[in-house]
Every structure is written in C-alpha cells, then in structure tokens.
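# Examining the three-dimensional arrangement
Spelled out from the first residue to the last, the chains are:
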Amino acid sequence: MLVAHHILDKEGTLMPYRWPVDTEFTRIELAVEEQWCRTCGGALTICDHRHHRVFTLTGPLHLVCKLAHCPTRACPAHPQTLSPAAETAIAMPWWVLGWDVVCWLGQRRFARHWSVGQIRAELADMYQIRLSADAIETYIHRYQQMLAARRQAPGQLAAAYADVEAVRLAIDGLQPEKGHETLYVVRELERKRVWFAEPLLSSATTEVQQLLVQARVWAERLGKRVRLWMSDKQDAFVRGIAAEFPEVPHRYCANHCLRDVAKPVLEADSHAKVKMRRTVRGLRAIEREVLAAQHDPDAPPFPAVQAEESRCPQAQAEAGARDVVLDYCAAVRGILNDDQGGPLHPPGLRMAEALGEVQASLHRNLAAKKGGLLTTDSRS
Ligand SMILES: [Zn+2]
C-alpha cells in the first residue's frame, strides 16, 4: 500500500499528540505483506521504519511499520515506499485512535446522544484515553465520513439489495440555511437508504441531470429495475427523470402534497417547538457540573469520594445518581434534536409528548425518593 507522505506531515502538524512519558505501549512489528516488486519482480528491501503510536480500547499500541521499496534504481517503482496494509486494520496511518475507539465514540455520540464532554470523561475514566474536546470532534467527523463511505460501498449495497426485485427512488433538495447551496438527496424507498447526496448551487436541469445519471448507474450496477420515481415534481426533476428514465412512472410525493395542505398547522407546530427548546435549557451546565464532580471529588454537591472508599455504599449510590442525571440529559438532548415526523404526527407534538414522559418519570423518581427507595432502582 502506498502512503502519501505529505498527507502524513500535514495531519501530523494538525493533530500532534504528546504521550505521557510513563505510557506503557504494547509493541507490534508490521511488515509489508508482499515480498516482490510488482513492477520488476525484484525482491523488496526495508528502507525505513515508521513509528505509529495509537490508543485502542485495550491499551496503547506502538506499531513499528517496516516500510519497503524496490532497491533497483532503474525500476519505475523505485521512488515508491510501501507500507504494511495490516496497519490500516488497526488504525489509519496518521490517526492517534484505533478503529475500535473511533467506532466506540461514534456509537456513543449518534446512537446514545452523548455530549462530547461526556464522551471525553468516559474515555479518560474507563480507558485512560485523554483527548481534547477538539480532537474528539475531529474523530466524530471522521467516523461520519467512514460511515458514509461504508454505506456507499458496492459490496454492502449489493448485500442490502440481494432480495429486492425493483427499487423505488426519490429525489429532493434540502436547504440547511437560507442562501446556502441546496443539498440534493437521492433516496431509495424499498430499503429506506440514502444513496447519495450532492450540494448544488442551482437547481438547473443540467446539474440535477448529473444526479439522475448517477442514480441510473447505481441501479444498473445493482442490476435492479427502477419501478418508480417520487419527488415534489419541480421542473428540473420532471424533465430530468423523463429524459433519463423514460419508461418509469414519476409520482408526486404524498408527503409533500400533505405538507403543502398542512402548512398552517406545521407553522404553528414549529413555533411551539422553538418555545419548548427555549424553555428546556441548561443541559450542558448540568452535565458539566456532574462531570466536574466526577473528576473533582471535593466539588459540591457531591462530597469527597476517595479511590479506596469507592466501594462504600454511599459513594456507589452517588456515582449511580450521577449516571442517572447524565442519562436524563442524554435522553432530553435526543428529544430536542429529533426533527422526525410529518404532517400527520408533527415534530413539535412528538417533542411535547416525549418531554411529558420525561417529566412524569422525574416526578415518579422524586416521589419514590420521598418514600425512601434508592434512586438507581427507580430509573424508568
Ligand atoms: Zn522494481
């Protein structure tokens, strides 16, 4: 595998990591898998070593990558340096986190709605991985890029569509903010997958046409017939689909139709949502307080918890209480960020229902506490 050194250098200056001097690494030596030059067939020789230190969930690793090249000066492959492919199974060459840590934090962020601060504290406590909030955000971004790439991987797609006879496609433009470029998204409705998305500066037919061509290429590569197209039927879609998929019916999206009819209701709903978000605030402050108490045992409102005392029932109950508070914060953040729901079940109504459930749960907990039950058991 070829490694572009300028990328390494660039990332190296972007993301330096200073390892504490007493870090204990497990040393692993990796060699280039092939032994012979692919161009001239001569034996490859080791020309350099790259030292790559990474965090994994099972402890820090020191990867010693033996770089190889073709020693024959006349061979066109001579200037190329080869790197062990096995390294990328553990971590990308310039990353400080192994794949297991990257997956761990992506799952905590997106499936459990943990805040960056919470992820940071848990990494430090459970795995002795100490990172800045910026570094964690960078890796969350990389996790998203990797996930997007995997969702588009031809092998993954072929497996997902193995038992689908024909696909149904939809195209829509989303404008994240007024005045910004529109993100055009092509989705497949049979498997409910986003196939791909492109930001386009205009909705001109020629630009949209590119996306429709791409959709056709994808369907052909999968070997699936396109049964139906759905859209809000703006001109560029109508013309483009007719040109690219002449035999395929193009239906008006029922959701768009309904949404147009329900516009006044949705406007009121959106107002209500803004009001609820304005009322339910201060999650970060609460989390910061709890996380600070976890790290600074003397900080109020949680009294001192020393390491050797950490098994005493009081300390355990306090740690449990802190987890309950963090879980509530995560649940509420999930509710406030949830924008799902169409005209028949507007997002604001869903938000009000969910916040009502949280409130009821808090009341149950408070009532149980008055009755003398342990808070950790009354989580619901
Ligand atoms: Zn060679």
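Residues numbered from 1 in each chain as written. Predicted model: local features only at pLDDT ≥ 70, side-chain atom pairs only at ≥ 80, totals over all residues. Heavy atoms only, no water.

## Thoughts on the sheet that holds strand 7 (residues 225–231)
Within a sheet, each strand pairs with its neighbour through backbone hydrogen bonds, oriented either parallel or antiparallel. Pairing within the open sheet is mixed, and its five strands lie in the order 6-5-4-7-8. Bordering the open sheet on either side are strand 6 (193–200) and strand 8 (250–252), each of which pairs with just one other strand. Within the sheet, the average angular offset between the axes of one strand and its neighbour, ignoring direction, is 25°. Across three bridges, the pairing between strand 7 and strand 8 is parallel. Note that in strand 8 the partner of W229 across the bridge is H250. (Pairing = 2+ DSSP bridges. Helix = DSSP H or I, 4+ residues; strand = E, 2+ residues; numbered from the N terminus. Axes fitted to C-alpha atoms, helices over the stretch in contact; angles between N-to-C directions.)

## What about the nonpolar core?
If you look at the biggest cluster of nonpolar residues, it comprises 26 residues, and the most contacted ones within it are Y161, I171, W195, V208, V226, W229 and F245. The biggest single contributor to this core is helix 7 (residues 205–222), with seven residues. Contact partners of F245, with chain neighbours within four places excluded, come to L212, A215, R216, V226 and W229. If you look at the next biggest cluster of nonpolar residues, it comprises 21 residues, including M92, V116, I129 and A135. (Core = buried A, V, L, I, M, F, W, Y, C linked by side-chain atoms within 4.5 Å. Buried < 20%, exposed > 50% of the residue type's maximum accessible area, 1.4 Å probe, protein only. Contact = heavy atoms within 4.5 Å.)

## A closer look at the environment of V290
With respect to the element layout, V290 can be found in helix 11 (residues 283–295). Overall, the relative accessible area of 4% leaves V290 in the buried class. Along the primary structure V290 and A321 are separated by 31 residues, whereas in three dimensions their C-alpha atoms are 9.6 Å apart. Those residues in contact with V290, other than ones at most four positions away along the chain, are R322, V325 and L326.

## What about the sheet that holds strand 2 (residues 45–54)?
Taken in spatial order, the three strands make up an open sheet running 1-3-2, and their pairing is mixed. Two strands in the sheet have a free side with no partner beyond their single neighbour: strand 1 (26–31) and strand 2. For this sheet, the mean angle separating the axes of adjacent strands, direction not counted, is 20°.

## Some remarks on the coordination of the zinc ion
Distances from the zinc ion to its protein donors, C37 (SG), C40 (SG), C70 (SG) and C75 (SG), fall within 2.3 to 2.4 Å. Bound by four donor atoms, the zinc ion shows angles of 105 to 114° at the metal and therefore tetrahedral coordination geometry. Donor residues for the zinc ion sit on one chain with the sequence pattern C-x2-C-x29-C-x4-C. The exposure class of C70 is buried, given its relative accessible area of 1%. (Donors = N, O, S within 2.8 Å, 3.2 Å for Na, K, Ca; no water. Tetrahedral: all angles 85-135°; square planar, octahedral: opposite > 155°, others 65-115°.)

Keep in mind that these numbers describe shape and distance, not what the molecule does.
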